[in-house]
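# Structural overview for review
Below, each chain spelled out in residue letters.
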Amino acid sequence: MEITKRLLFLDDIRYPIEAYHYTRQDIFLRKDWHIVRNYEQFVNRILEKGLPEMISFDHDLADEHYLEPDSQEFVEKTGYDCAKWLVEYCMDNYLDLPKFYSHSMNPVGKENIESLLNNFKKL
């Protein structure tokens, strides 16, 4: 029987051990991370397996995501979109937000994700 991994790592290219190298957060040394690479995998994993103990978010989930020329619109959904979905999911299902962290190297994206989730947690 597969042990359900209790930690969810959202990142299009990195692995938890790589996040450990620049964050120095020991949680990234754990072996029970399940890695999802995009919005669709993130949503499907939670719908199939339920909320994990903790989620670590990256913001930029695709190269082409950065910005469409002459536009403020992101082409691909970001870690922030995943965080917004998570808040809606928790509200709709009367669930507490799991622990979270943002290992994103995008300082604005990281701040946006953490602000959204911290504000929801205060409600």
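Residues numbered from 1 in each chain as written. Predicted model: local features only at pLDDT ≥ 70, side-chain atom pairs only at ≥ 80, totals over all residues. Heavy atoms only, no water.

If you check an unreviewed UniProt entry, the protein appears there as Cyclic-phosphate processing Receiver domain-containing protein from Chryseobacterium formosus.

### A word on the sheet that holds strand 4 (residues 99–102)
Read across the open sheet, the four strands follow the order 2-1-3-4; overall the sheet is parallel. A single partner strand is all that each edge strand has here, and the edge strands are strand 2 (33–36) and strand 4. Each neighbouring strand pair of the sheet contributes to a mean axis angle of 20°, computed without reference to strand direction. Pairing of strand 1 (residues 7–10) with strand 2, which is carried by four bridges, proceeds in the parallel orientation. Residue pairing for strand 2: Leu10 is matched across the bridge by Val36. Strands strand 1 and strand 3 (54–57) of the sheet are contacted by helix 3 (residues 79–92), whose axis makes an angle of about 150° with strand 3. (Pairing = 2+ DSSP bridges. Helix = DSSP H or I, 4+ residues; strand = E, 2+ residues; numbered from the N terminus. Axes fitted to C-alpha atoms, helices over the stretch in contact; angles between N-to-C directions. Contact = heavy atoms within 4.5 Å.)

### Thoughts on unusual backbone geometry
One non-glycine residue, Arg24, adopts positive backbone phi at about 60°. Structurally, Arg24 can be placed in the loop between helix 1 (16–23) and strand 2. Judged by relative accessible area, which is 53%, Arg24 ranks as exposed. Residues other than glycine seldom take positive phi values, yet Tyr94 does so here, at roughly 55°. Position of Tyr94 among the secondary structure elements: in the loop between helix 3 and strand 4. Residue classification places Tyr94 among the exposed residues on the basis of a relative accessible area of 78%. (Buried < 20%, exposed > 50% of the residue type's maximum accessible area, 1.4 Å probe, protein only.)

### A short note on empty space enclosed by the protein
Evaluation of the coordinates by the stated rule reveals one cavity of 30 Å³ or more. Each pocket or cavity is described by its volume, and for the largest cavity that value is around 50 Å³. As for the largest cavity, its lining consists of eleven residues, of which Lys5, Arg45, Lys49, Gly50 and Pro52 are closest to the centre. Of all the secondary-structure elements, those providing two or more residues to the lining of the largest cavity are strand 1 and helix 2 (39–49). When grouped by side-chain class, the residues that make up the lining of the largest cavity number four nonpolar, three polar and four charged. (1 Å grid on protein atoms, 1.4 Å probe; cavity = no way out; pocket = protein on both sides within 12 Å on 5 of 7 lines; lining within 4 Å. Points joined across faces, edges and corners; volume = space filled by probe spheres on them. Nonpolar A, V, L, I, M, F, W, Y, C, P; charged D, E, K, R; others polar.)

### Quick word on the packing of helix 2 against helix 3
The interhelical angle for the contact between helix 2 and helix 3, taken along N-to-C directions, is 25°, at an axis separation of 10 Å. What the angle tells us is that helix 2 and helix 3 run roughly parallel. Crossing handedness for the pair helix 2 and helix 3: right-handed. Where helix 2 abuts helix 3, its residues Tyr39, Phe42, Val43, Ile46 and Leu47 lie against Asp81, Cys82, Trp85, Leu86 and Tyr89. Classifying every residue of the contact of helix 2 with helix 3 gives nine nonpolar, no polar and one charged. (Parallel < 35°, antiparallel > 145°, perpendicular 65-115°, else oblique. Left-handed = near helix turned anticlockwise from the far one by under 90°.)

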